[in-house]
Amino acid sequence: EHARNYLDANMKSLKLLFSHKPKGHDIQAGLTWKHEIIKENSREWEMRDSAGYSIPHTGNRLDLIYNLKSSNRISSDRLELFGQDTWRFTNRHGIFSLNYGARLSYWSWNKEWLFSPRVSLGIIPSFNEDFTFRIATGLYYQAPFYKELRDTVTTGVSTKVHLNRDIKSQRSFQVVLGGDYKFKLMNRPFKFTTEVYYKALNNLIPYNVDNVKIVYYGGNIASGYTTGIDFKIFVEGTDSWISFSLMKAQQKVDGKSFPQATDQRYNLNFFFSDFFPGTTRWKMTLKASIADGLPFGPPHTGLERMVFRAPAYKRVDIGMSYRLLDNEDGRNQKKFIRYLRNVWLGVDCFNLFDISNVSSYYW
């Protein structure tokens, strides 16, 4: 395998922000201008040898199984304008926090205007202030960057890269429902939080993962959805928690359904942090993770070949730390020390059980 790829990106941005806080409101607005100049010059080829023959074998000439040539340059401007307000009010039903706003953007590359409204509401009910309920919805866009623009055209084994000026931003209409509940257990304060979400996805730009390289299709050829639920329990005051998530991410191309490359069906995380008895100087942390493997397929193929799935990711870390200085109350006003609040010295052991995880596959 041979690759000699150059990518130069020159980015400039200018941002103007505005904020105002009248009674019960928190108003924010902003204007952003970005200028991008990106240049690419790539050469790739791959030769496969089998028992002294180059594959594919024709008998009269040397053919490579894969080669790519790309030489492109783009210069574009992006303009973004946003405004939002957080309105907090109270009545006999409880405490309310309403956040609403919108974002307007323009990209000179594809002459695309986007309008993205969103709104969320949080409620602490008067019948029990240990509960918090949340609902949020909105229309969100993910504007493509250079790699998403690269539309590859293969003739035989030769691949050339063209930039797609008709590319559109990927769109997601999202609905999120969530809630918190505070309670005590064994004389300790806990908080249980959960969220369920659904995202309807359009104008998707699918991609394949080849070893550690992401190759986009270069066009808005897919639609899909992502749905899931998250659970989390906090031990307040100690920064300890356990979380469990379920998710399904599907996409449809030419009437056929495939898992998205981010389709991680389950995820379990545990983090424990606490001081040693009788002291606030010695602290121990323990972290454990297990997560479903991601889908993948052979290199230089399409989504229809992405039928394999990596094994689950598993890892345990442990750490110990000692507080050299505790000046959170600011009482120590000695020279230099008065500018510090906390100083910690710590040591961590990553992947405690030496578990071998898979990051990618080489064919």
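## Structural notes on the overall build of the protein
Here is step 1: Across its full length, the protein holds 1 helix and 23 strands.
Here is step 2: Here the C-alpha radius of gyration of the protein, 26 Å, is well above what a compact globule of 363 residues would show, namely 21 Å.
Here is step 3: Dimensions along the principal axes, computed over C-alpha positions, put the protein at roughly 85 × 50 × 50 Å.
Here is step 4: Expressed as a percentage of the 363 residues in the protein, the buried residues total 31%.
Here is step 5: Considering only intrachain contacts with a sequence separation of at least 6, the fraction spanning at least 24 residues in the protein is 58%.
Here is step 6: In the form shown here, the protein has an accessible surface area of approximately 23000 Å², with 57% of it arising from carbon and sulfur atoms.
Here is step 7: Of the charged side chains in the protein, 49 are positive and 35 negative, and the gap between their average positions amounts to 4 Å.

## What to know about the pairing of strand S22 (residues 313-326)
On a regular strand, one side chain projects to one face of the sheet and the next to the other, so that they alternate.
Here is step 1: In the sheet, strand S19 (residues 282-291) pairs with S22 via 10 bridges, with the strands oriented antiparallel. If you follow Leu286 over to S22, its bridge partner there is Ile318.
Here is step 2: As paired strands, S22 and strand S23 (residues 342-349) are joined by 8 bridges and run antiparallel to one another. Its bridge partner lying in S23, Gly319 is registered against Asp348.

## Section: the pairing of strand S2 (residues 25-46)
Here is step 1: Sheet analysis places strand S1 (residues 2-20) next to S2, joined by 19 bridges and oriented antiparallel. Bridged to Lys12 within S2 is His35.
Here is step 2: With 22 bridges joining them, S2 and strand S5 (residues 66-91) adopt antiparallel strand pairing. Within the sheet, the bridge partner assigned to Asn41 lies in S5 and is Ser71.

## Observations regarding unusual backbone geometry
Here is step 1: In this structure, Pro56 follows Ile55 across a cis peptide bond, with omega equal to 5°.
Here is step 2: Phi is positive for Lys111, close to 55°, though the residue is something other than glycine.
Here is step 3: Turning to its location among the elements, Lys111 is positioned in the loop between strand S6 (94-107) and strand S7 (112-125).
Here is step 4: Positive phi is not limited to glycine here, since Asp354 has a value of about 55°.
Here is step 5: Its place among the elements puts Asp354 in the segment after S23.
Here is step 6: Residue classification places Asp354 among the exposed residues on the basis of a relative accessible area of 63%.

What counts, and at which threshold
- In this numbering scheme, every chain counts its residues from 1 along its sequence in written order.
- pLDDT decides what is reported in this predicted model: residues at 70 or higher carry local features, side-chain atom pairs at 80 or more are listed and counted, and totals for whole chains, interfaces and linings draw on all residues regardless.
- The side-chain numbers reported here are obtained from all heavy atoms of the structure, hydrogens and water having been left aside.
- Only DSSP runs of H or I covering at least 4 residues are called helices, and only runs of E covering at least 2 are called strands; the numbering of each starts at the N terminus.
- Computation of the radius of gyration draws on C-alpha atoms, with the globule rule given as 2.2 Å multiplied by the number of residues to the power 0.38.
- Only protein chains enter the calculation, and the probe is 1.4 Å; a residue is then buried if its accessible area is under 20% of its type maximum, exposed if over 50%, and partly exposed in between.
- A contact between two residues is defined here by any heavy atoms of the two lying within 4.5 Å.
- What sets the accessible areas is the Shrake-Rupley method with a 1.4 Å probe; for residues, cover comes only from the shown protein chains.
- Charge convention: Lys and Arg are scored as positive, Asp and Glu as negative, and His as well as the terminal groups of each chain are ignored.
- Charged side chains are reduced to one point each, which is NZ for Lys, CZ for Arg, CG for Asp and CD for Glu.
- Whether two strands pair comes down to DSSP finding at least two bridges between them.

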